[in-house]
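Here's the letter readout for the chains.
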Amino acid sequence: MSTANDNSKRLGRWYFGGIASAGAAMCTHPLDLIKVTLQTQQGKLSVVQLTAKVIREQGVFALYNGLSASILRQMTYSMTRFGIYEVGKPYINTDTFVGKISLAGLAGTCGGIVGTPADMVNVRMQNDVKLPPEQRRNYKNAFDGLIKVYRHEGFKRLFSGATTATGRGVLMTIGQIAFYDQIKSMLLETPHFKDNLVTHFTASLAAGAIATTLTQPLDVLKTRSMNAKPGEFNGLWDIVKFTARLGPLGFFKGYVPAFVRLGPHTIITFVFLEQLRLNFGVLPQPKSQ
């Protein structure tokens, strides 16, 4: 058997997803920042206008505000959901799409809870670019943000938005991981695709589009919840009503930059992940008779 065939049978290690997601976050962070800023503004600036405004007022490096929190989020949220999905495969039959969705739902739930504190700090650091200087939180980095939230707002505040973050985590993991696995399997069953970059790109592009559509309403609610001042909203339903004032499309505010960010992020994540698997993964142990 050739080395190429051996490599195609390699299995990923549980932590590969977190590493791949962190690498992707470094590439797509400016897009994520613009998405968050669009979702929290009540004005009608376009993506181009908003990007130009940030650069003009604060410089190019302002587009990387919150990068440390973004990386920390991927190393908690994404590593948890990818890790549970990988570790859970021997226990839940992922040969069927229902099995993939079930395992992805469990992984997304755990990832959403674990990743909420870093996600909240990430949203706040990114949103600082559009606030007047006197209203900015000015967290030095992700850990400084976590410490300041804990000291000034309490431990419970670290999990503000956990309900929507967990719901989003479930839908995101189903859209990304379960659909990626399913689409990749379907492509490999045809004679036109092999376990290579073309297949990984095609499957991840489709998964990114599906994940964006599934998660955008909850992403808008999560962003507003995490960025809110204490007492600004009286529960999740209050945020829903506030967002609904903008009409049904208010729940899909920032959809274009969300897809522009999540599409490349999903593609880069799975390309990195597959390269880690092909080059550093482990070959499955033969089953004992």
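The structure displayed is predicted, hence computed values, not measured ones. (Residues numbered from 1 in each chain as written. Predicted model: local features only at pLDDT ≥ 70, side-chain atom pairs only at ≥ 80, totals over all residues. Heavy atoms only, no water.)

Colleague: An account of the UniProt feature "repeat: Solcar" (unreviewed entry) in the chain is needed here, citing residue identities and associated values.
Modeller: Here the UniProt feature "repeat: Solcar" (unreviewed entry) sits at residues 8-91, 95-186 and 195-279. Taken end to end, residues 95-186 has its terminal C-alpha atoms 11 Å apart, with 74% of it in helix and 0% in strand. In residues 195-279, helix accounts for 76% and strand for 0%; the two terminal C-alpha atoms are 13 Å from one another. (UniProt positions renumbered as here; feature names shortened; annotations may be inferred. Helix = DSSP H or I, 4+ residues; strand = E, 2+ residues; numbered from the N terminus.)

Colleague: Can you explain the pattern of salt bridges? Please cite residues and give values.
Modeller: Counting across every chain of the model gives 12 salt bridges. Between Arg-157 and Glu-153 there is a salt bridge; the shortest N-O distance is 3.0 Å. Close ionic contact of Arg-277 with Asp-195 constitutes a salt bridge, the shortest N to O distance being 2.8 Å. Taken as a pair, Arg-277 in helix H10 (residues 255-280) and Asp-195 in the loop between helix H7 (162-188) and helix H8 (197-227) lie far apart in primary sequence, 82 residues in all. When its relative accessible area of 21% is taken as the criterion, Asp-195 is described as partly exposed. Salt bridges linked by common partners bring Lys-184, Asp-195, Glu-274 and Arg-277 together as one network. (Salt bridge = Lys/Arg side-chain N within 4 Å of Asp/Glu carboxyl O. Buried < 20%, exposed > 50% of the residue type's maximum accessible area, 1.4 Å probe, protein only.)

Colleague: I'd love a proper account of the environment of His-200, names of residues and values included.
Modeller: Structurally, His-200 is set in helix H8. Residue classification places His-200 among the buried residues on the basis of a relative accessible area of 1%. When the C-alpha atoms of His-200 and Leu-273 are compared, they prove to be 9.6 Å apart, with 73 residues separating the residues in sequence. For His-200, the residues in contact, after removing those within four places along its chain, are Tyr-180, Lys-184, Asp-195, Glu-274, Arg-277 and Leu-278. (Contact = heavy atoms within 4.5 Å.)

Colleague: Report on a nonpolar patch on the surface, specifying residues and quantitative values.
Modeller: On the surface, a nonpolar cluster with roughly 640 Å² of combined accessible area is contributed by Trp-14, Tyr-15, Ile-19, Met-75, Val-87 and Tyr-91. Checked against the element boundaries, Val-87 lands in helix H4 (residues 67-88). (Patch = residues over 30% accessible without salt bridge, like charges linked within 9 Å, V, L, I, M, F, W, Y side chains within 5 Å. Areas by Shrake-Rupley, 256 points an atom, 1.4 Å probe, with all protein chains shown as cover.)

Colleague: Give me the lowdown on the packing of aromatic side chains, citing residues and values where you can.
Modeller: Scanning the model with the defined rule gives 7 aromatic pairs in all. Taking the centre distance of 6.3 Å and the plane angle of 55 degrees together, the rings of Phe-252 and Tyr-255 count as tilted. Looking at Phe-252, the relative accessible area reads 32%, which means it is partly exposed. Owing to a relative accessible area of 27%, Tyr-255 belongs among the partly exposed residues under this scheme. (Phe/Tyr/Trp six-rings, centres within 6.5 Å; stacked < 30°, edge-to-face > 60°.)

Colleague: Tell me about the nonpolar core, and please be specific about residues and values.
Modeller: Across soluble globular proteins, nonpolar side chains show a tendency to be buried alongside one another. Counting residues in hydrophobic clusters, the biggest one holds 18 residues, and the most contacted among them are Tyr-85, Phe-270 and Leu-273. For this core, the secondary-structure elements that each account for two or more residues are helix H2 (16-40), H4, helix H5 (97-127), H7, H8 and H10. Per-element accounting of this core gives the leading share, 6 residues, to H7. If we skip the residues at most four places from it in the chain, Phe-270 touches Phe-82, Gln-176, Ile-177, Tyr-180 and Ser-204. (Core = buried A, V, L, I, M, F, W, Y, C linked by side-chain atoms within 4.5 Å.)

Colleague: Pulling in residues and values, what's your account of the environment of Phe-155?
Modeller: Structurally, Phe-155 is set in the loop between helix H6 (142-153) and H7. For the pair Phe-155 and Pro-117, spaced 38 residues apart in sequence, the C-alpha to C-alpha distance is 9.6 Å.

Colleague: Just give me the short version of H5, but keep the residues and values in it.
Modeller: Along an α-helix, residues three or four apart share an orientation, since each turn contains 3.6 residues. For H5, which comprises 31 residues, the first-to-last C-alpha distance of 38 Å sits more than 12% below the rise-based estimate of 45 Å (1.5 Å per residue). The largest bend in H5 amounts to roughly 55 degrees and is located at Thr-116, with the proline Pro-117 lying one to four residues further along. (Expected span 1.5 Å × (residues − 1). Bend = angle between axes of the 7 residues up to and from the residue.)

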